[in-house]
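Structure at a glance
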Amino acid sequence: MMKTNLCLLSALIVVAGTAFAQSPAFHQDTTSLPEAPPAIKSFDASVMDLTADPCNDFYQYACGNWMKNNPIPSDQVRWARSFSVLRERNRYLLWKDLDAAAKNPADALQKQYGDYYASCMDTSAIEKAGFAPVKAIWAQIDALTDARGLSPLLVEMSNEGTPAGVFRFGVEQDEKDSSKQIAQIGQGGITLPDRDYYIVDSKRFQTIRAEYLEHMKKMFALAGDTPDEAAKEAGAVMEIETAMANAQTSRTEMRDPEKRYHIYTVADFDNLAPLFDWAGYFKEIGIGRFDTLNVSTPLFFSELNKLIAGEPLSSWKSYLRWQSMHGLAQALPAAFFDENFAFFGHTLSGQQEPEARWKQCSSATDRALGEAVGQEWVKENFPPAAKISMDKLVAELEKELAIDINQLPWMTDETKKAAEAKLAMYRNKIGYPEHWRDYSSIKVSRTDFIGNVQNVAVYDRNYRFDKLGKPVDEKEWGMSPPTVNAYYSPSFNDINFPAGILQPPFFDPNIDPAVNFGGIGVVIGHEMTHGFDDEGSKYDGKGNFREWQTPADRKAFTERTECVANEYSGFEAAPAKGDMPAQHLNGHLTLGENTADNGGLRIAFMALEDALKQQGQTVDEKIDGFTEAQRYFIGFAQVWCENDTDASARQSALTDPHSPGKWRINGSVQNFDEFGKAFSCKKGTPMYPTNSCRVW
Ligand SMILES: [Zn+2]
């Protein structure tokens, strides 16, 4: 939940609010089987635009033809050459396992995930169940007689695996003592992708708010409201969610560990929001006993108290009815499903049509039971040789980062030693977990999808609650094996690369090293640099939030990160369109990711030079008309070729800590002089500027 993992990319495809399935496709022709997407070439000169000047716009040069010839498929909002196409391929391979397990399971494990998948595919059973599963919850909500009853009601909903919104509660590592796992509570409660959607007074957001209200009205009407009741309920939800949005700390501020660390005793927390029965909630929800907890956003809870005092009980009932219906919408009959897609998929993100049912259900099963379905997938798609090659590459990159730290012009020797000590304590996790999570306690029915979704939600909650007061499991993973992504965790101080990303085009045993260093090499360097970005650098080698830089070094560091933040704030995420002004990137929201991109590009290049040197070669040698240095940068860029809908680009600019592909490429190369040299650019051209930023 509040885990501070820093990934290579955010939910690239998943539309906000549509977490596990996006399509009805209720009458899908089951005789036509999906086709296997092809493997993607690691280096492809045919996707380049050779008429573009690499010194002026390298992204256009490396990706121009790809962008022209690969429009966004109608079931996507963002289509990236490497990430999306590999994701489709991995998901297809996963589907084959799921389909086989659903038809003819070999053991209990396969039966469990096969049944989960089958229940998701069984749309006639979903139609037959109708709205009844949510109606049962609504009866409990209707029975609420006073505000004091909110606490036991939220416990009840949580015990049933029903989303209730309001706030987030779970167990996480203590930011200042990462060996301890403590209770944490924080802001939540809104449905739109960010607080800005409720409170920014622009024409675009006014329109979205009006459309959101209409969407809620339609959903309430589907559930049986008269038009008047639906309008009243939607208005009440909007009022409560807007107040919650106003009480929230911004995404950018939440990146600062200092601002999300506030240890309270249970008694003091109770004083912060006395109208909610916290003691009862903590006692009944099935978590162990605790005396103190981290309240990541105290202001949210004092405002919540005012909201409990100020809003009539009927509004709270509407809010909880909404949260439960919206939260389970994708497991409901087609009418709900379609309306949910119409707003969250189409209106909000620009998606033309839902994904095919088999795609949704494969992803849903991966999210629910990832470490069960992943076992088979790893056997088939991640040979031991790939793991050995990765171990070697990671070791090479770590060596280069140590050299880079040692050579930094702005850092004192004292702080360099501390940085090197932190780096030496990195743990590397590659491919898949050593121990698989045990899901055997989850009851899965072949004909009750919504019940399965709820059972998994309860399992996930209890899995987190069970950590309270226990030692940290250092071998735990936060991503399933087929995932095309990677992450660094500041509290674990570890870098994690699922088997899903250790595939072509990121990693290709049959291509020259320059392309692999530009692909997976930069990915590894990116994750390693996260330990030293604006957020990660505030944690030490043990994963504790603690200053290890001298004050002078921290000042120099901040000056350098501010240079990066200002630079990226100048980049356009979406051009002006109609009466909408251009949308710029938020340089502080994306600072950690941009710092990681810049550092990753530098140290992977150093590693390439070193690897070639050992073979008596340099980056100036040519293959197929390009020098090794050029192939490195082109290989790097071709990971990020992408097309986005305007709506998705604007949404990402507010919610995604990652920059869009264009700026991941152009921003990184213009801060790295080796690029200008590799393409013989004139000093002062856009990609080889006289003033550039450098942190690591
Ligand atoms: Zn990242």
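Residues numbered from 1 in each chain as written. Predicted model: local features only at pLDDT ≥ 70, side-chain atom pairs only at ≥ 80, totals over all residues. Heavy atoms only, no water.

**Re the overall build of the protein chain**
Of the regular secondary structure elements, the protein chain holds 26 helices and 14 strands. Counting only C-alpha atoms, the protein chain reaches 75 × 60 × 55 Å along its principal axes. With an accessible surface of roughly 26,600 Å², the protein chain has 52% of that area assigned to carbon and sulfur atoms. Separation of charge centres in the protein chain, based on 71 positive and 96 negative side chains, amounts to 1 Å. (Helix = DSSP H or I, 4+ residues; strand = E, 2+ residues; numbered from the N terminus. Areas by Shrake-Rupley, 256 points an atom, 1.4 Å probe, with all protein chains shown as cover. Lys, Arg positive; Asp, Glu negative; His and termini not counted. Charge placed at Lys NZ, Arg CZ, Asp CG, Glu CD.)

**Some words on the state of the cysteines**
A covalent bond between the sulfur atoms of two cysteines is referred to as a disulfide. For the structure on display, the rule yields 4 disulfides. Disulfide pairing places Cys-63 opposite Cys-641 at an S-S distance of 2.1 Å. Handedness of the Cys-63-Cys-641 disulfide follows from its S-S torsion of about -75°: it is left-handed. Of the two residues, Cys-63 sits in helix α1 (residues 58–69) while Cys-641 sits in the loop between α23 (628–639) and β14 (642–644), which places them 578 residues apart along the sequence. No difference in accessibility class separates Cys-63 from Cys-641, as the two residues are buried. The disulfide bridge from Cys-120 ends at Cys-361, spanning 2.1 Å between sulfur atoms. Looking along the S-S bond of the Cys-120-Cys-361 disulfide, the torsion reads about -75°, which is the left-handed sense. On the criterion of sequence distance, the pair formed by Cys-120 in helix α3 (residues 108–121) and Cys-361 in helix α16 (residues 357–381) is long-range, its members being 241 residues apart. With respect to class, Cys-120 is no different from Cys-361; both count as buried. (Disulfide = S-S within 2.5 Å. Buried < 20%, exposed > 50% of the residue type's maximum accessible area, 1.4 Å probe, protein only.)

**Quick word on the coordination of the zinc ion**
Within the protein, Cys-7 (O), His-526 (NE2), His-530 (NE2) and Glu-593 (OE) serve as the donor atoms for the zinc ion, at 2.0 to 2.1 Å. Geometry at the zinc ion is tetrahedral, judged from the 4 donor atoms that bind it and their angles of 92 to 132° at the metal. Coordination of the zinc ion draws on donor residues from a single chain, spaced C-x518-H-x3-H-x62-E in sequence. Of this pair, Cys-7 sits in strand β1 (residues 6–7) while His-526 sits in helix α20 (residues 513–530), and the two are 519 residues apart along the sequence. Take His-526: its relative accessible area is 1%, and that puts it in the buried class. (Donors = N, O, S within 2.8 Å, 3.2 Å for Na, K, Ca; no water. Tetrahedral: all angles 85-135°; square planar, octahedral: opposite > 155°, others 65-115°.)

**Re the packing of aromatic side chains**
Under the criterion given, the structure shown has 62 aromatic pairs. Between Tyr-426 and Phe-532 the ring centres are 6.2 Å apart and the planes differ by 15°, which places this aromatic pair in the stacked class. With a gap of 106 residues between them, Tyr-426 in the loop between α18 (413–424) and β7 (427–431) and Phe-532 in the loop between α20 and α21 (551–569) connect regions that are remote in the sequence. No difference in accessibility class separates Tyr-426 from Phe-532, as the two residues are buried. Joined through ring pairs, the aromatic side chains of Phe-167, Phe-169, Tyr-264, Phe-269, Phe-276, Trp-278, Tyr-281, Phe-282, Phe-290, Phe-300, Phe-301 and Phe-465 make up one cluster. The side chain of Arg-631 reaches across the aromatic face of Phe-43, ending 4.2 Å from its centre. (Phe/Tyr/Trp six-rings, centres within 6.5 Å; stacked < 30°, edge-to-face > 60°. Lys NZ or Arg CZ within 6 Å of the ring centre and 35° of its normal.)

**Concerning the pairing of strand β9 (residues 494–498)**
Judged by how many residues are buried, β9 sits mostly within the fold: 5 of 5 residues are covered. Taking every second residue as pointing to the same face, both faces of β9 are buried, with Asp-494, Asn-496 and Pro-498 on one and Ile-495 and Phe-497 on the other. In this sheet, β9 lies alongside β7 in parallel orientation, the contact comprising 5 bridges. Directly across from Arg-427, in β9, lies its bridge partner Asp-494. Where strand β8 (residues 487–489) and β9 come together, 3 bridges link them in antiparallel fashion. Looking across to β9, one finds that Tyr-488 is bridged to Ile-495. What sits between the antiparallel neighbours β8 and β9 is a turn of 4 residues, in which Asn-493 has the positive phi angle 50°. (Pairing = 2+ DSSP bridges.)

**Let's talk about the environment of Ile-208**
Tracing the chain through its elements places Ile-208 in helix α8 (residues 203–222). Spatially, the C-alpha atom of Ile-208 lies 37 Å from that of Leu-93, the residues being 115 residues apart in sequence.

**Observations regarding the sheet that holds strand β3 (residues 167–174)**
Whenever strands of a sheet pair, they do so through backbone hydrogen bonds, lying parallel or antiparallel. Read from one edge of the open sheet, 4 strands run β3-β4-β6-β5, paired in mixed fashion. Across the chains shown, the open sheet's two edge strands, defined by having one partner strand only, are β3 and β5 (263–265). The mean inter-strand angle of the sheet, taken between neighbouring strand axes irrespective of direction, is 40°. Judged from the 2 bridges that link them, strand β4 (residues 177–187) and strand β6 (residues 292–295) form a sheet pairing that is parallel. Across the sheet, residue Ile-185 finds its bridge partner in β6, namely Val-295. Helix α13 (residues 298–310) contacts β3, β4, β5 and β6 of the sheet and is inclined by roughly 35° relative to β4. (Axes fitted to C-alpha atoms, helices over the stretch in contact; angles between N-to-C directions. Contact = heavy atoms within 4.5 Å.)

**A short note on the side chain of Asn-485**
If you trace the backbone, Asn-485 turns up in the loop between α19 (449–465) and β8. Judged by relative accessible area, Asn-485 falls into the buried class, the value being 8%.

**With respect to the sheet that holds β8**
Spatial ordering of the open sheet is given by β1-β8-β9-β7, a layout of 4 strands whose pairing is mixed. Either end of the sheet is taken by a strand with one partner, and the two such strands are β1 and β7.

**Concerning the nonpolar core**
One recurring pattern in soluble globular proteins is that nonpolar side chains are buried together. The biggest cluster of nonpolar side chains holds 199 residues, and the ones touching the most others in it are Phe-58, Phe-167, Phe-169 and Phe-633. Contact partners of Phe-167, with chain neighbours within four places excluded, come to Leu-154, Ile-185, Gly-186, Gln-187, Gly-188, Gly-189, Phe-276, Trp-278, Tyr-281, Phe-300, Phe-301 and Leu-304. (Core = buried A, V, L, I, M, F, W, Y, C linked by side-chain atoms within 4.5 Å.)

**Some thoughts on the pairing of β6**
The sheet contact formed by β5 and β6 spans 3 bridges and is antiparallel. Counted as the bridge partner of Ile-263 is Asn-294 from β6.

**Here we look at unusual backbone geometry**
Residues other than glycine predominantly adopt negative phi, and peptide bonds predominantly adopt the trans conformation. Between Pro-504 and the following residue, Pro-505, the backbone shows a cis peptide bond with an omega angle of 5°. Tracing the backbone shows Pro-505 in the loop between β9 and α20. You will see that Val-166, though not glycine, has its phi angle at about 65°, which is positive. Here Val-166 lies in the loop between α6 (150–159) and β3. One non-glycine residue, Asn-493, lies in positive phi territory at about 50°. With respect to the helices, strands and loops of the structure, Asn-493 is situated in the loop between β8 and β9.

**Examining helix α24 (residues 646–655)**
Within α24, 10 of the 10 residues are buried, which leaves it mostly tucked inside the rest of the structure. Taken together, the buried positions of α24 are Asp-646, Ala-647, Ser-648, Ala-649, Arg-650, Gln-651, Ser-652, Ala-653, Leu-654 and Thr-655.

**Re the environment of Ser-445**
You can see Ser-445 is positioned in the loop between β7 and α19. The exposure class assigned to Ser-445 is partly exposed, which follows from its relative accessible area of 22%. Sequence separation between Ser-445 and Asp-115 is 330 residues; the distance between their C-alpha atoms is 6.4 Å. The contact partners of Ser-445, leaving out residues within four places of it in the chain, are Asp-115, Ser-119 and Asn-452. Within polar-contact distance, the side chain of Ser-445 engages the backbone nitrogen of Thr-447 at 3.0 Å. (Polar contact = N/O pair within 3.5 Å; in protein donor to acceptor, adjacent residues only side chain to side chain.)

**Brief notes about the pattern of salt bridges**
Applying the stated rule across the entire model yields 49 salt bridges. The closest approach of N and O atoms between Lys-180 and Asp-177, which form a salt bridge, is 3.0 Å. Judged by its relative accessible area of 46%, Lys-180 falls in the partly exposed class. Across the pair Asp-466 and Lys-470 runs a salt bridge, and its minimum N-O distance is 2.9 Å. (Salt bridge = Lys/Arg side-chain N within 4 Å of Asp/Glu carboxyl O.)

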